[in-house]
Structure formats: structure tokens, C-alpha cells
Amino acid sequence: MPLRKKALITGAGGFVGRYLAEYLSGEEGLEVLGLDLKQPRPGGPWERCDFGECDIMDRERVFSYVESFRPDYVFHLAAQSSVSRSWEDPLSTYHIALVGQCNLCDAVRATGKEAVIHVACSAEEYGTVRAEELPISEDHPLQPASPYALSKVIQDYHALFCHRAFGLRTIRTRTFNLTGPGQSPQFVVSDFARQIAEAEAGKREPVIRVGNLEARRDFSDVRDLVRAYWVLASRGEAGEVYNVCSGKDHSIKEILDMLVSMSRVPIQVEVDPGRLREVDIPVLKGDNGRMLALVGSTPIRPLEETLADVLEWWRAELAGA
Ligand code: GDD
């Protein structure tokens, strides 16, 4: 029997990590080792995947896991991934981005094995783009407008540097907004869905607090996203960068309206000034042509279905399921 290919996932206990471990170990039949700061919520992929407690900043431990596991694919997701939190703590956002990625890439290099290293970068790197430059292509200049965005530009260029300088097989993705069942409520869809589910359960007033509803974002479902990550890592070109997005944008108001229309109780909306950001990119809408050339135009979940699933997840969570 041929040996199974091995995938190492950093930040594996996070939202995307869990779905990626599930997909790679399930549909693709890979042997998966996840690394993260602490043990993930049990069940799901962690019934069949290995997990190691490892801080990406701990160089010795990262080297030791990479050396003993000897992955064929590395998916580097460990990061401080909240734009708003990055304003409160820019230094650790940069630190984790650069030092963590150096540790990982150096460890892969030390094995001498030709692993593919997927680095999860972000659409935030593009910053504010003029209307006539939409949808944003991968060739658009990077103009970071938040510490988080800058931390992702650092990772992006570091991955490119490792490819050019050392021949590492790095693949970068610039991922636009994503959501899905189980996402942290610090992100907008999950935040709104949780507030609605709490109102339905009588755990709060039926008033949903919101920030800037004018912003427009390009959302993908995490379950489609992890498949795209795998196809790009396994078939993409080393050194290349790919936008991962749906190619469609929606205002946050449209998203709010869709979620409110699914509510079982009447909901009022209130703008909370504390949720308005000093800098908020008005529109992020990506050109997904380069990605689709590899991933193909397989059906992706409609946004309404994703939103309904996120709301359903919160209903179950609050009911203690
Ligand atoms: N979180 C939140 N809460 N966002 C709100 C709210 C609210 O109550 N009201 C409006 N928004 C707006 C934000 O101002 C922003 O314009 C948009 O909703 C999306 O916010 P987030 O979900 O917090 O995500 P983000 O766009 O800042 O960043 C996400 O997408 C990036 C890629 O575009 C994250 O997933 C990043 O990790 C990712 O790289």
C-alpha cells in the first residue's frame, strides 16, 4: 500500500484549521498533524488526526515536530487574525507573523524535504482600491491599512523570499472574507448570527448592535475555502500567489438584512459607535480567475445557505447541543 501523504497544519485549533483537518484527513485521505497553543475542542477531525501542543514562536519545538513528522504539505494558519485586535496589539501581531513563519520555513528547510508550504495571507493587504480597479487582481499593489494587513504583507513577502532565496515551494493565498458554522463571534457574520440566536433564546433584548454597514466584502464559505486551499497547494505553482474569493461583493447591510429575515423574532438594529473602526476598507471584491483556473468552477455554496448554517450553529450552541 502506498504511503499516505502527510499534511502539517499550524493554527489547527482555529476555525479554518478544524475544517481543513477534517477535509484533508477525510476526502483527501491525508495523514494530518495539527499544531496549536492548546488542545482543540475534541471530536470532529481530532478523532482521526494527530495533534501537538506547540507555540509557533517556540523555535525548538517547531523544529522538533517538523523533523519527526516530515510533512509533504504544510498549511500555515497560525496568526493573530483579527483586524480590530491588531490595532490594540500591533507588536505581537507582527511578531507572530514574522517570527512564527521564519521558524516554520527554517524547520522545513532543515529537513531537506521538498514540502509545499501554503501561507494564508489576506485581501486586507490590498487596502483601499479605487472603484475602477475592482475586482482586485493579484497584481494590484499592496497598500496595507491596518497592523493586521501589514503583518500579512510581511508573511506574503517572506514566503516569496523563501521561494526565491532558498527554493522553498511556497504558495501564497490572499483570502477574502470567510465565514461558516463555528466561526468566532469577533467576525461580522458570526457576531450578527449570535446576537439573533441570543434574542430568539430570550438571552438578550431583540436589538442587534452593529458597526459600519456600508462596507462591502467578498465572502466565501469555509467549507469551499478548505477545498480551494488543498487544490492550490497540491496543483498550484511554487512561488505563486492566488486570490481566494467568490468574486461577488455584498454590503454588510445586505448580510444583516439576510440574517434578520431568517430570525424567528422581530429584531431591531442599533449602530454601536464602539463598533465603528477608525479605518475600514470600503470595498474588497476579488478577481478569482487565477484560482478558478485550478480549482475549476465546481458549485460553491450560496451565501444565503452559509448564513443560515451559521445561524443554525448558534441556535444549537446556545441550546447546549
Ligand atoms: N466584526 C464586526 N462586528 N464587523 C462589523 C460589524 C460588527 O458589529 N458591523 C459592521 N462590520 C464590518 C466591519 O467594519 C468590516 O467592514 C466588515 O464588517 C467585516 O468585518 P470582520 O468580519 O471583522 O472582518 P474583516 O473584514 O475586518 O477581516 C476578515 O477578513 C479578512 C479578509 O478580507 C478577517 O477574517 C481577516 O482575518 C481576513 O484576512
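Our subject is the structure listed above.
The rules behind these values
- Residues numbered from 1 in each chain as written.
- Predicted model: local features only at pLDDT ≥ 70, side-chain atom pairs only at ≥ 80, totals over all residues.
- Heavy atoms only, no water.
- Helix = DSSP H or I, 4+ residues; strand = E, 2+ residues; numbered from the N terminus.
- Phe/Tyr/Trp six-rings, centres within 6.5 Å; stacked < 30°, edge-to-face > 60°.
- Buried < 20%, exposed > 50% of the residue type's maximum accessible area, 1.4 Å probe, protein only.
- Lys NZ or Arg CZ within 6 Å of the ring centre and 35° of its normal.
- 1 Å grid on protein atoms, 1.4 Å probe; cavity = no way out; pocket = protein on both sides within 12 Å on 5 of 7 lines; lining within 4 Å.
- Points joined across faces, edges and corners; volume = space filled by probe spheres on them.
- Nonpolar A, V, L, I, M, F, W, Y, C, P; charged D, E, K, R; others polar.
- Pairing = 2+ DSSP bridges.
- Right-handed = clockwise from strand over helix to strand, strands pointing away.
- Near = heavy atom within 4 Å.
- Polar contact = N/O pair within 3.5 Å; in protein donor to acceptor, adjacent residues only side chain to side chain.
- Areas by Shrake-Rupley, 256 points an atom, 1.4 Å probe, with all protein chains shown as cover.

Some remarks on unusual backbone geometry
In this structure, Pro135 follows Leu134 across a cis peptide bond, with omega equal to -10 degrees. Secondary-structure assignment places Pro135 in the loop between strand S5 (116-122) and helix H5 (147-166). Despite not being glycine, Arg70 shows a phi value in the positive range, around 50 degrees. Locating Arg70 in the fold gives a position in the loop between helix H2 (59-69) and strand S4 (73-76).

Some words on the packing of aromatic side chains
Tallied over the full model, the rule gives six aromatic pairs. With a centroid separation of 6.2 Å and an interplanar angle of 35 degrees, the aromatic rings of Tyr126 and Phe176 are classed as tilted. Placement of Tyr126 in the loop between S5 and H5 and of Phe176 in the loop between strand S6 (169-175) and strand S7 (177-179) is noted, with a sequence separation of 50 residues between them. For Phe176, a relative accessible area of 3% puts it in the buried group. The ring centre of Phe69 lies 5.0 Å from the NZ or CZ of Lys6, which sits over that ring. Note that Arg109 overlies the ring of Phe166, its terminal NZ or CZ placed 3.6 Å from the centroid.

Comments concerning the layout of surface pockets
Taken as a whole, the second largest pocket encloses approximately 580 Å³ of empty space. Ser220, Asp221, Asp224, Ile300 and Arg301 are the residues nearest the centre of the second largest pocket, which is lined by 32 residues in total. Only helix H1 (15-25), strand S10 (219-221), helix H7 (222-235), helix H9 (289-295) and helix H10 (303-318) provide two or more residues apiece to the lining of the second largest pocket. Its residues placed into classes, the lining of the second largest pocket shows 15 nonpolar, eight polar and nine charged.

Topic: the pairing of strand S2 (residues 31-36)
Counted residue by residue, S2 has five buried out of six residues, so it is predominantly covered. In this structure, strand S1 (residues 6-10) lies alongside S2, joined through five bridges in parallel fashion. What sits directly across from Leu8, in S2, is Leu33. Once you follow S1 into H1 and on to S2, the crossover reads as right-handed. Here S2 pairs with strand S3 (residues 50-53) via four bridges, running parallel. Opposite Leu35, over in S3, you have Gly52 as the bridge partner.

Let's talk about the site of the ligand
Around the ligand there are 24 residues in total, and Ser122, Tyr148, Arg275, Arg277 and Asp280 lie nearest to it. Tyr148 places a side-chain nitrogen or oxygen 2.6 Å from an oxygen atom of the ligand. A total of 720 Å² of accessible area belongs to the ligand in isolation, and the protein chains cover 95% of it. For the shell around the ligand, the leading source of residues is helix H6 (residues 188-200), giving three residues. Looking at the shell around the ligand, its residues break down into eleven nonpolar, seven polar and six charged.

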